[in-house]
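# Breakdown of the fold
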Amino acid sequence: MCEVNSGAFIKGAYFSVLKYPCPPNLNIWWNMGSMLFVTLGIQILSGLMLSMNYTADSTLATSSMNYILRDANYGWALRSTHMAGASLFFALIYIHVGRGVYYGSYMKMPHVWYSGVTLYLLSMGVGFLGYVLPWGVMSYWGLTVISNMMTVFPGGARALEWFQGGFSISTLTLKRVFVLHFLLPFVILGMSMVHVILLHNKGSSNPLGLDTTELVVPFHPYYTSKDLVGFVFMLVGLTALALTFPKITADPLQWQAINKMKTPAVIKPEWYFLYAYAILRSVPHKAGGLALMFAAILGIALLPTLAKWSKTQSMKISPIGEALFFVWVANFVFLGIIGSQEPAGAWILAGQVGTFVHLFCMLSIPIVNKKWEDLVFSEDSDRDYSFLGV
């Protein structure tokens, strides 16, 4: 009986993982999910090996980092790979999210979209915690800025004191940051499994947003071979970034010893958080800036609700929505530039404009697409649109 059940389980797993039906017209932008999975594995493995030589102590953290870079066997390579992997991971996330918005994946699979938003929030938390661990100038002051946001909420002062382990940031704070940074990637790994299971249960969307139920191909070998090509290019890019440009995204202040008596002129996070940081600083009020930042990050979770009456998915049939999407992407880059500047003068006004454009485009895209569909279908109501799945 056990042999029969195990055989059925293996066969079911084989068909669920490798032979599940996929649309035949998926393009290169559908490779990002599998590349994210591989990058996550690299980050977990390199992080585990780095943790063997890291000391979560405010007086020893910098020394342990120097030991990893100079004395540990291939420690410099592990450190560079972990840094470059974090940048690559978030670059792939943003491309993955952009693809989902452009091709309307959130319409067909809202539960997959919600699990993806959860993964993004967890990844942001892990990325920030990892930025703190080197315990340089930016680590300390970045943690100071972000942790003080807790005081906006009722009981936040008490929560901040508990998180810090006292009235100020100390070794206890660093230990808690290290433990969270160590454990959360495994939560992300488990949530990624849920994300994939939900995707396989519903089936992938496709660039045209058409119903391809009657026209599918198996995932293996059609898309496994395509993913392998993507893995090669991704690993080449990661190797080049880690071994040739290891500090391209690092702030020089991150390598300096902490001086608690001197605040840097510009406190900024890594590049993948700059857009959110620019929005946070766009309002000269702690609670208002925090509310706008979370609205900008979590606004993508509203897209399935805003687009639930849409008949089509892909933005290819909506030129106005497509234009808004590219404005949204360009504004994302613009906010990143603003977030790296000192919050003074024209940069504050630019951040406010960028924040408005970000929220406006994000919330307007599904509404504009719906209006365009109404116009198209009303002019040609006699045609059969059953191939769209409506």
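Residues numbered from 1 in each chain as written. Predicted model: local features only at pLDDT ≥ 70, side-chain atom pairs only at ≥ 80, totals over all residues. Heavy atoms only, no water.

Let me state the cut-off plainly: UniProt positions are given in the numbering used here, feature names are shortened, and annotations may be inferred rather than shown by experiment.
The chain appears in an unreviewed UniProt entry as Cytochrome b from Saccostrea mordax. Its UniProt record, at the heading Sequence similarities (unreviewed entry), says of the chain: "Belongs to the cytochrome b family." Under the UniProt heading Subcellular location (unreviewed entry), the entry covering the chain gives this text: "Mitochondrion inner membrane".

## Overview of the packing of aromatic side chains
Two aromatic rings, taken as a pair, are described by how far apart their centres are and by the angle between their planes. Applied cut-off: Two aromatic rings, drawn from Phe, Tyr or Trp (for Trp, its six-membered ring), form a pair once their centres lie within 6.5 Å of each other, and the interplanar angle then sorts them: stacked below 30 degrees, edge-to-face above 60, tilted otherwise. Only DSSP runs of H or I covering at least 4 residues are called helices, and only runs of E covering at least 2 are called strands; the numbering of each starts at the N terminus. Here the term buried applies to any residue with accessible area under 20% of the maximum for its type, exposed to any over 50%, and partly exposed to those in between, with areas from a 1.4 Å probe on protein chains only. Placement of a charge over a ring requires the Lys NZ or Arg CZ to be within 6 Å of the ring centre, with the centre-to-atom vector within 35 degrees of the ring normal.
Enumeration over the complete set of coordinates arrives at 25 aromatic pairs. On the basis of an interplanar angle of 45° and a centroid distance of 6.3 Å, the ring pair of F178 and F182 is categorised as tilted. Here F178 pairs with F182, and both are found in helix α9 (residues 171–202), just 4 residues apart, close to one helical turn. Ring geometry for W271 and Y272: centres 5.5 Å apart, planes at 75°, overall edge-to-face. Judged by relative accessible area, which is 31%, W271 ranks as partly exposed. By relative accessible area, which is 4% here, Y272 ends up buried. A network of ring pairs unites the aromatic residues F89, F90, Y94, Y120, W271, Y272, F273, Y275 and F332 as a single cluster. Seen from the ring of W30, R99 lies directly overhead, with NZ or CZ sitting 4.4 Å from the centre. Sitting above the plane of the W162 ring, R176 keeps its charged end 5.5 Å from the centroid.

## Brief notes about the packing of helix α3 (residues 61–70) against helix α4 (residues 75–102)
Inclusion rule: Angles shown run from 0 to 180 degrees and are taken between the N-to-C directions of axes, each axis being a line fitted to C-alpha atoms and, for helices, limited to the stretch in contact. Relative orientations are named as follows: roughly parallel for angles under 35 degrees, roughly antiparallel for angles over 145 degrees, roughly perpendicular for angles from 65 to 115 degrees, and oblique for any other angle. Between two residues, a contact is recorded if the distance between any of their heavy atoms is within 4.5 Å.
At their nearest, the axes of α3 and α4 sit 5 Å apart, and the two run at 110° to each other. With respect to their mutual orientation, α3 and α4 come out roughly perpendicular. The residues of α4 that touch α3, namely those facing M65, I68 and L69, are G75, W76 and R79.

## Points about the domain arrangement of the chain
Operational definition: Segmentation into domains, and thus their bounds, comes from an automatic or database assignment. When two components associate, each loses some accessible surface as probed by a 1.4 Å sphere; the sum of these losses over both components is called the buried area. The rule for a salt bridge is simple: a side-chain nitrogen of Lys or Arg has to be within 4 Å of a carboxyl oxygen of Asp or Glu. Under the rule applied, a polar contact is a pair of N or O atoms within 3.5 Å (in protein, one hydrogen donor and one hydrogen acceptor; residues adjacent in sequence only if both atoms are side-chain atoms). Note on residue classes: Ala, Val, Leu, Ile, Met, Phe, Trp, Tyr, Cys and Pro are nonpolar, Asp, Glu, Lys and Arg are charged, and everything else, Gly too, is polar.
Each domain of the chain was delimited in the assignment, giving domain 1 (19–258) and domain 2 (268–375). Each partner contributes to the interface: domain 1 provides 38 residues, whereas domain 2 provides 34 residues. Of the roughly 3,200 Å² buried between domain 1 and domain 2 on both sides combined, carbon and sulfur atoms contribute 73%. Together, Y102, Y106 and M107 form the three largest contributors to the area buried by domain 1 at its contact with domain 2, with a combined 21%. At the boundary of domain 1 with domain 2, the tally comes to 0 salt bridges. On the surface where domain 1 and domain 2 come into contact, there are 8 residue pairs in polar contact (both at pLDDT 80 or more). Taken together, the elements giving at least two residues each to the side of domain 1 that touches domain 2 come down to α4, α5 (105–108), α6 (110–132) and α7 (137–147). Here the side of domain 1 that touches domain 2 takes 10 residues from α6, the largest share from any one element. Within the side of domain 1 that touches domain 2, the residues separate by chemical class into 26 nonpolar, 10 polar and 2 charged.

## Details of the layout of surface pockets
Stated precisely, the cut-off is as follows: Buriedness of a pocket was judged along seven lines, with at least five required to meet protein on both sides within 12 Å; pockets are open sets of points on a 1 Å grid over the protein atoms alone, cavities are sets where a 1.4 Å probe fits but cannot get out, and lining residues have an atom within 4 Å of a point. Grid points are joined across faces, edges and corners, and a volume is the space filled by probe spheres set on the points.
Considering only enclosed or pocket space, the largest pocket measures out at about 1,100 Å³ in volume. Lining the largest pocket are 42 residues, and of these G33, S34, H96, H195 and L199 lie nearest its centre. Mapped by element, the contributors of at least two residues to the lining of the largest pocket are α2 (32–51), α4, α6, α9 and α10 (219–243). In the lining of the largest pocket, the residues fall into 26 nonpolar, 13 polar and 3 charged. Lining the second largest pocket are 28 residues, with M124, G125, F128, I146 and F294 sitting closest to its centre. Counting only elements with at least two residues in the lining of the second largest pocket, the list comes to α6, α7, α9, α11 (274–281) and α12 (286–298). The element contributing the most residues to the lining of the second largest pocket is α6, with 6 residues. Per-class residue counts for the lining of the second largest pocket are 24 nonpolar, 3 polar and 1 charged. Split by domain, the lining of the second largest pocket shows at least three residues from each of two domains, domain 1 (19–258) and domain 2 (268–375).

## With respect to helix α8 (residues 156–164)
So the rule is basically this: By arc we mean the arc of the directions from the helix axis to the C-beta atoms, nothing more.
Taken residue by residue, α8 has G156, L160, F163 and Q164 as its buried positions. Here the buried residues of α8 occupy an arc of 90° about the axis, which is enough to place them on one side. Exposed side chains of α8 directed beyond 90 degrees from the buried face belong to R158 and W162. The inward-facing, buried residues of α8 abut α7 and α9. Within two residues after α8, G165 carries a phi angle of roughly 75°, on the positive side.

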